[in-house]
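The primary structure of each chain is shown beneath.
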Amino acid sequence: MEFSTRLRVTRAGLDGARRAASRPAGDDSTEAENSPAPVVDGPGLDADESLAEFRELVRSAGGEVAAELMQRRARPDPATLIGAGKVEEIAGVAASTNADLVLFDHDLSPTQLRNLEAALPCRVLDRTQLILDIFARHARTREGQLQVELAQLQYMLPRLAGRGKAMSQLGGGIGTRGPGETQLETDRRKIQRRIDQVKLDLDAVKRVRRQQRQRREAVPVPTVALVGYTNAGKSTLFNRLTGAHVLQSARMFATLDPKLRGIELPSRRRVLLSDTVGFIRNLPHTLVTSFRATLEEVEQAEILLHVRDAASTYGEEQKAQVEKVLGELEALSKPRIEVLNKIDLLDAHESEGLAARKQPRHQLHQEVLVSAQTGEGVDALLAAIDKALFSDPVIETELRVPQSDGAALAAIEGGMVIHTRAYEDNVVRLTVSGPASLVGRLRKYRTRAEDPPGDKPDAGRHLASARK
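What you see is a predicted model; the values in this text were computed from it and never measured.

Caption draft 1: Broad picture of helix α4 (residues 110–119). Looking only at α4, the buried set comprises Gln112, Leu113, Leu116 and Glu117. Buried residues of α4, seen end-on, are gathered within an arc of 125 degrees and therefore sit on one face of the element.

Caption draft 2: Region of interest: the nonpolar core. The biggest cluster of nonpolar side chains holds 34 residues, and the ones touching the most others in it are Leu130, Phe279, Val298, Leu304 and Leu326. Mapped by element, the contributors of at least two residues to this core are α2 (47–60), β3 (101–103), α5 (127–138), α6 (142–156), β5 (223–228), α9 (285–290), α10 (292–300) and α11 (315–328). At five residues, the largest contribution of residues to this core is made by α5. If sequence neighbours within four positions are ignored, Leu326 has contacts with Val227, Phe279, Val298, Leu304, Ala331, Leu332 and Arg336. In terms of nonpolar packing, the next biggest core, distinct from the first, is built from 26 residues, Leu241, Val307, Leu382 and Ile385 among them.

Caption draft 3: Representation of the sheet that holds strand β13 (residues 427–435) within the structure. The strand order across the open sheet formed by three strands is β11-β13-β12, and the pairing between neighbours is antiparallel. Here the strands that pair on one side only, and so sit at the sheet edges, are β11 (394–402) and β12 (417–424). Looking at each pair of strands side by side, their axes are set apart by 15 degrees on average, direction ignored. Here β12 pairs with β13 via seven bridges, running antiparallel. Bridge pairing in β13 places Arg421 opposite Leu430. Most of the contacts of helix α14 (residues 406–415) go to β13, to which it runs at about 40 degrees, and overall it touches β11, β12 and β13.

Caption draft 4: Structural detail: the pattern of salt bridges. This structure, assessed with the given rule, holds 16 salt bridges. With its nearest N and O atoms 3.3 Å apart, the salt bridge here joins Arg59 to Glu56. Of the two residues, Arg59 and Glu56 both sit in helix α2, three residues apart, roughly one turn of that helix. Judged by its relative accessible area of 37%, Arg59 falls in the partly exposed class. A relative accessible area of 30% places Glu56 in the partly exposed class. Across the pair Glu316 and Arg308 runs a salt bridge whose closest N-O atoms are separated by 3.1 Å. Residue Arg308 is classed as buried on the basis of its relative accessible area of 8%. Connected via shared salt-bridge partners are Arg308, Glu316, Glu323, Arg336 and Glu338.

How each quantity is defined
Residues numbered from 1 in each chain as written. Predicted model: local features only at pLDDT ≥ 70, side-chain atom pairs only at ≥ 80, totals over all residues. Heavy atoms only, no water. Buried < 20%, exposed > 50% of the residue type's maximum accessible area, 1.4 Å probe, protein only. Helix = DSSP H or I, 4+ residues; strand = E, 2+ residues; numbered from the N terminus. Arc of directions from axis to C-beta. Core = buried A, V, L, I, M, F, W, Y, C linked by side-chain atoms within 4.5 Å. Contact = heavy atoms within 4.5 Å. Pairing = 2+ DSSP bridges. Axes fitted to C-alpha atoms, helices over the stretch in contact; angles between N-to-C directions. Salt bridge = Lys/Arg side-chain N within 4 Å of Asp/Glu carboxyl O.

Bear in mind that shape data such as this cannot, by itself, settle questions of function.
See the structure below:
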């Protein structure tokens, strides 16, 4: 297996990256970004695609690319990941561009991070720290900020070791002899206490969410969750379906805090649509763990809308990464609709090819082509959601409602699809289809012919007497 590193040096204003780093950063400066990443032969991203994705991550964090380098090695160097020769080359590029930050598109071990920072004239961040920084910049609610802080602390804790003699509180002279206590031990204890407190705060958030969910479950309104790779167009589709005005941006991880809105389906049933955080290749496990409270909406949803970028050249790799995270959440077995978004960016030949593609054999999975930007295919998507819902099924029946019962007529008008309507004296005769819960509330108005066989006990007695 070949190991490939792409190095990119950037100038930027990564203020959040400084917060994500394990030690304080300087003031306003320019940044160097170095992006090494492993490339494995197979269906994954190639070097250019992976580099383009990492470039978007840097821009989402506020970075400005100043230079890019790439390296290929048979195996990673355990001390520096990239080897002493490449470290010298990066040091020269960073110095010539006045950069103050080198970013690696790869996770660095604590030892590699220390060695690189000692050898380079600027600070070093790896892929996980960069993603944590982007999350920190975009977290708006108290819950999102707690989740990001927890992920940062958990990432920082094992990387405190070996931060130099300045960490030591030991000194010489009277009253200072003995084992004492290092600053490292003090910092570890402080971080661990803060981690424990953040976890308690997140548990309180979970309790509130559980109470809100219990209130929602008292009324049979199922939840449909949007999931997908970051920048696949989930927020744009959410706005298109709900009429909301949540932030939609080409930047990665523009949406962190969950959004919940009600929508009406063609059958007049109502569902709650949830917009969740996007996933990405090599999403840090600490983020998946920290964002459990947010991702509970995915676990509780009845249907998942997997939004995919139909115009992406590596859509299958993105799909695999999303399914990997869904597997960690134990949500892969849920009914899933593959929403191939951004078809407005395809040419006619590509659109025809997607439309002619065979649907998945599994009944729980299907594909729908949409453009959240133009609205094309949205009606087909709503119909697909309607068809996939198994709770509160749609029932077609006939009702005879007195004209004096305005409340019942209003409920029918607001929650059912009316196929026929006729007036007989003071009674309105209606053929309707609607959710079973609403039909059940109006069962006293159902005609006799529509009653199920179990509701006709007299028929069995008449049949028994005839046989005698």
